[in-house]
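For reference, the chains in residue letters:
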Amino acid sequence: MKFLSTTITCALASGALAFAPLSSLQRITTHTAPHGSPSSLSMIDGNRRKLNTYSESSSFFPFENGKKSDSSLSAKGPNEEASDGSSDLRQLLGVKGASGSSDIWKIRLQLTKPVTWIPLLWGVMCGAAASGNYHWIWNPFDPNDRNVLLGLEDTSKAIVAMILAGPFLTGYTQTINDWYDREIDAINEPYRPIPSGAISEGQVIFQSWFLLLGGLGISYGLDVWTGHDFPVVLALSAFGSFISYIYSAPPLKLKQNGWAGNYALGASYISLPWWCGQAVFGELDRPVFWILPILYSIAGLGIAIVNDFKSVEGDRAMGLNSLPVAFGIDGAKYICAGSISLTQLGVAAYLYSIGETNYAYILLGLILPQIYFQATLLLPDPVANDVKFQGVSQPFFVFGILATALCLGHHDFAA
């Protein structure tokens, strides 16, 4: 319990520090830009002058909900609304091409980037599958799995776990990430709610605390519901919330380091929701239940690199050492492809080694298209093809995770 109390304390402390005056944080850490680029240096100077404005206005209290944000930044370019009629949907999902809105609830939702919830919801599903103990309401494939009441209870648990992983904890993560990214977003995504001034500082603070404390409360409720002696879901949630904070905030700000930042991102999107789903429906009592999600998180590191290609200019200007900045686009694209492919091939080899040849071949069949799209889209031009590559490659990746989870759920480890 000492570990749990320490983890929760860190998570709550991170919530408090997230909105401490930046003048105090500046005494802890400073950011330096790469040398030799006059344009980058002048951009940094301008951003530092803006940062001083934050130092004077940003504070934890009071919650001035009616006040427009003093941290509104000068946008470096307009956000062009999508011309295909999807601008309102894009606004709610928190993606580029969104329409403008003065509705504070739409803006709050946009700040949580609902489009980023999807991998977490999928991760919870995979964890439930890996437990081998999730019951359908009425399973058409198994006459022994048709207990409607038990199925309804498990469905309810799954929905609550998804609400925890998606709207609450991912929403918290995205909110504090946008808070600390307001300078970079002014360059890369000036239409985001905070740099555009669409939401006040007090409203951002309240939203972050609500999502963090609400998420921790839900996680403890799941532990009580499932009868855990040790509140493992609460511990995972508190740990994940702490990682979310140090990913975005100084002095650690993991995202400044390409390796640590991208792995933290991969683990948050794959390992943590998997473990949460498996803990709700089963036990994390074998090393393989920890190791395979970690391997998939390394593959997630590669996927995170894809998202960094489009931001390389802003990252370099702000002194963030993403992998495309550190290794160049040509070097980073091979790191990206290797981490995605090699880890999955390792998982397929493990499944083959435990006698699950059918699942191993299924996984291999899902890996080969990813390698093809790497060769035809990612490696030739990762900047121009990043979105297209993600769109055609990721479905094979996520179904590979599900196939692996189903294999673990069906495998008899006692045999």
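Before reading on, note that the structure itself is shown above.
The structure reproduced in this document is the subject of the present report. Keep in mind that this is a model prediction, so the values were computed, not measured.

Per the secondary structure count, the protein includes 17 helices and 0 strands. Buried positions account for 53% of the 415 residues belonging to the protein. By sequence separation, contacts in the protein at least 24 residues apart represent 70% of the contacts at least 6 residues apart.

Among the structural elements, Gln-174 can be located in helix α7 (residues 148-180). A residue is classified by how much of its surface remains accessible, and Gln-174, at 8% relative accessible area, is buried.

Further remarks concern empty space enclosed by the protein. What the rule picks out here adds up to 3 cavities of 30 Å³ or more. Volume-wise, the largest cavity comes out at about 330 Å³. Of all the secondary structure elements, the ones that give two or more residues to the lining of the largest cavity are α7, α11 (232-248) and α12 (258-281). Each residue belonging to the lining of the largest cavity can be placed in one class, and the counts come to 14 nonpolar, 7 polar and no charged.

Now for the environment of Ile-176. Along the chain, Ile-176 turns up in helix α7. Along the sequence, Ile-176 and Ile-205 sit 29 residues apart, while their C-alpha atoms lie 8.7 Å from each other.

Looking now at the packing of aromatic side chains. Following the criterion strictly, the structure yields 13 aromatic pairs and no others. The interplanar angle of 80° and the centroid separation of 5.2 Å between the aromatic rings of Trp-122 and Phe-399 together place this pair among those described as edge-to-face. Of this pair, Trp-122 sits in helix α6 (residues 117-131) while Phe-399 is found in helix α17 (residues 386-410), placing the two residues 277 residues apart along the sequence. On the basis of relative accessibility, which here comes to 44%, the residue Phe-399 falls in the partly exposed class. Taken together, a centroid distance of 6.0 Å and an interplanar angle of 85° make the contact between Trp-136 and Phe-141 edge-to-face. Aromatic ring contacts, followed pair by pair, group Phe-168, Phe-206 and Phe-210 into a single cluster.

Moving on, we get to the layout of surface pockets. If a probe the size of a water molecule is rolled over the atoms, the empty space left behind becomes visible. Volume-wise, the second largest pocket comes out at about 580 Å³. Mapped onto the lining of the second largest pocket, the elements with two or more residues apiece are α6, α7 and α17. Tallied by class, the residues present in the lining of the second largest pocket amount to 11 nonpolar, 6 polar and 2 charged.

End to end, α11 covers 25 Å across 17 residues, agreeing with the expected 24 Å (1.5 Å per residue, within 8%). Most of α11 is tucked away: 15 of the 17 residues are buried.

This part is about helix α10 (residues 201-226). A rise of 1.5 Å per residue sets the reference length of α10, with its 26 residues, at 38 Å; its end C-alpha atoms lie 38 Å apart and thus fit the reference within 8%. After α10 finishes, the residue Gly-227 shows a positive phi value of roughly 75°.

Time to look at the pattern of salt bridges. A complete count under the given rule lists 3 salt bridges for this structure. Where Asp-178 meets Arg-192, a salt bridge forms, and the shortest distance between an N and an O atom there is 2.8 Å. Of this pair, Asp-178 sits in helix α7 while Arg-192 sits in the loop between α8 (182-188) and α9 (193-196), and the two are 14 residues apart along the sequence. In this pair, the class of Asp-178 matches that of Arg-192, namely buried. Taking the shortest distance from any N to any O, the salt bridge between Asp-330 and Lys-333 comes out at 3.4 Å. With Asp-330 and Lys-333 both in helix α15 (residues 323-353), this residue pair falls 3 residues apart, about one helical turn.

Calculation rules
Residues numbered from 1 in each chain as written. Predicted model: local features only at pLDDT ≥ 70, side-chain atom pairs only at ≥ 80, totals over all residues. Heavy atoms only, no water. Helix = DSSP H or I, 4+ residues; strand = E, 2+ residues; numbered from the N terminus. Buried < 20%, exposed > 50% of the residue type's maximum accessible area, 1.4 Å probe, protein only. Contact = heavy atoms within 4.5 Å. 1 Å grid on protein atoms, 1.4 Å probe; cavity = no way out; pocket = protein on both sides within 12 Å on 5 of 7 lines; lining within 4 Å. Points joined across faces, edges and corners; volume = space filled by probe spheres on them. Nonpolar A, V, L, I, M, F, W, Y, C, P; charged D, E, K, R; others polar. Phe/Tyr/Trp six-rings, centres within 6.5 Å; stacked < 30°, edge-to-face > 60°. Expected span 1.5 Å × (residues − 1). Salt bridge = Lys/Arg side-chain N within 4 Å of Asp/Glu carboxyl O.

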